[in-house]
Amino acid sequence: MSLENISCQKSFGGWHKRYRHRSEVLGCDMVFAVYLPPQAEQGGTLPVLYWLSGLTCTDENFMQKAGAHKLAAELGLIIVAPDTSPRGAQVPGDPDGAWDFGLGAGFYVNATQQPWAANYRMYDYVVSELPTLIEAHFPASQQRAISGHSMGGHGALVCALRNPGRYQSVSAFAPISNPMDCPWGQKALGRYLGEDRSRWREWDASVLIAQAEERLPLLVDQGDRDDFLENQLKPQVLQQAAQAAGYPLQLRLQPGYDHSYYFIASFIDDHLRHHAAALGIGRG
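A few points on the structure. The numbering scheme is per chain: residues are counted from 1 as the chain's sequence reads. Only residues with pLDDT of at least 70 are given local features in this predicted model, and only at 80 or more are side-chain atom pairs given and counted; all residues enter the totals for whole chains, interfaces and linings. Heavy atoms throughout the structure, all of them, feed into the side-chain values; hydrogens and water do not.

1. Observations regarding the sheet that holds strand E2 (residues 14-23)
Filter applied, for reference: Two strands are said to pair when DSSP picks up at least two bridges between them. Secondary structure elements follow DSSP: runs of H or I of four or more residues count as helices, runs of E of two or more count as strands, with numbering from the N terminus. Note on geometry: axes are C-alpha line fits, over the in-contact stretch for helices, and angles between N-to-C directions span 0 to 180 degrees. We call two residues contacting when some pair of their heavy atoms lies within 4.5 Å.
Spatial ordering of the open sheet is given by E1-E2-E3-E5-E4-E6-E7-E8-E9, a layout of nine strands whose pairing is mixed. The two strands at the open ends of the sheet, each matched to only one other strand, are strand E1 (4-11) and strand E9 (249-254). For this sheet, the mean angle separating the axes of adjacent strands, direction not counted, is 20°. Pairing analysis gives six bridges linking strand E8 (residues 218-223) to E9, with the strands arranged parallel. Within E9, the position partnered with Gly223 by the bridge is Gln254. Against the sheet, helix H3 (residues 122-137) touches E2, strand E3 (28-36), strand E4 (46-52), strand E5 (78-82) and strand E6 (140-148), its axis set at about 145° to E6. Across the face of the sheet, helix H10 (residues 261-279) comes into contact with E4, E6, strand E7 (169-173), E8 and E9 while running at roughly 170° to E7.

Structure representation (structure tokens):
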């Protein structure tokens, strides 16, 4: 599988690069960003944090706004940021032109309904195809961490909870915690998966956490001035499910913070250190 480098910038002694490749899983060209810390040029392999972004985002939002490169360079941590959905003229978007479904809103599920099933398989892309590509073309080990924001926080939780042993750590910012019971999730799951709500349960972190075979400590940050807190995100449902299951969740409600990247940038170092501790790096 070939890669086309489309941009390259030096950052904190490492390199931020963007690549285009053909995705067989999604049936279209995809773009992803990768931050390679200085240690990537010293031989050997490094662990990888996969970052999943939220609705309307691309690979660029996190890399440009989160301020993660400095600490990643110190820790020796590769960061990979995929796009949030398949894109292209042949990929169907929202029939009504809405921003919360279709292009920019793949929801990290494997669609089963037409016309979405042919392209919207972001779960398989994130969990399997992209890591295989990264580990083949970059000095990346099979030590993986995963995190994300909003829709991407939902994606990170689902990917980790459904795949014991694949990730060493997981965290999220303002995740859509209970998509079966919020407007964004109901719209996406209903269209991508059909109206059988029993199938939605496979993609809801608040359901999956009760069934988790692995107990990766979960760090979640949530701003208390987030406009989507009560109607869309529902962290209290995730917290209740974790408490009932005895799952190790640290949910931090951050006073005064909203849903923006100012919020993410304020706490990204805590998350990187959370992952570094699980990955066994940055102890010196």
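Additional details are given in the paragraphs that follow.
2. Overview of the pairing of E5
Heads up, the condition is: Burial here depends on accessible area, computed with a 1.4 Å probe over protein chains only, as a share of the maximum for the residue type. Under 20% is buried, over 50% is exposed, and the range in between is partly exposed.
Burial of E5 is extensive: five of the five residues sit out of reach of the surface. Judged by which residues are buried, E5 turns out to be covered on both faces: Ile78, Val80 and Pro82 on one side and Ile79 and Ala81 on the other are all buried. Across four bridges, E3 lies against E5 in antiparallel orientation. In the sheet register, Val34 faces E5, and the bridge partner there is Val80.

3. Quick word on the pattern of salt bridges
Convention followed: Take a side-chain nitrogen of Lys or Arg and a carboxyl oxygen of Asp or Glu: if they are within 4 Å of each other, that pair is a salt bridge.
Taken as a whole and judged by the stated rule, the model has 14 salt bridges. One salt bridge in this structure joins Arg87 and Asp83, with 2.5 Å as the shortest N-O distance. The exposure class assigned to Arg87 is partly exposed, which follows from its relative accessible area of 28%. Judged by its relative accessible area of 5%, Asp83 falls in the buried class. Two residues, Asp94 and Lys187, come together in a salt bridge whose shortest N-O distance is 3.5 Å. Of the two residues, Asp94 sits in the loop between E5 and H3 while Lys187 sits in helix H5 (residues 183-193), which places them 93 residues apart along the sequence. The class for Asp94 is buried, based on a relative accessible area of 11%. When salt bridges with common partners are traced through the structure, they connect Asp94, Asp96, Asp100, Lys187 and Arg191 into a single cluster.

4. A short note on unusual backbone geometry
A cis amide bond, omega 0°, links Gln114 with the succeeding residue Pro115. Position of Pro115 relative to the elements: it lies in the loop between E5 and H3. Backbone geometry places Ser150, a non-glycine residue, at a positive phi of 60°. Mapped onto the elements of the fold, Ser150 is located in the loop between E6 and helix H4 (151-162). The class of Ser150 is buried, set by a relative accessible area of 2%. In the Ramachandran plot, Ala174 falls in the positive-phi region, its phi being about 45° despite a non-glycine side chain.

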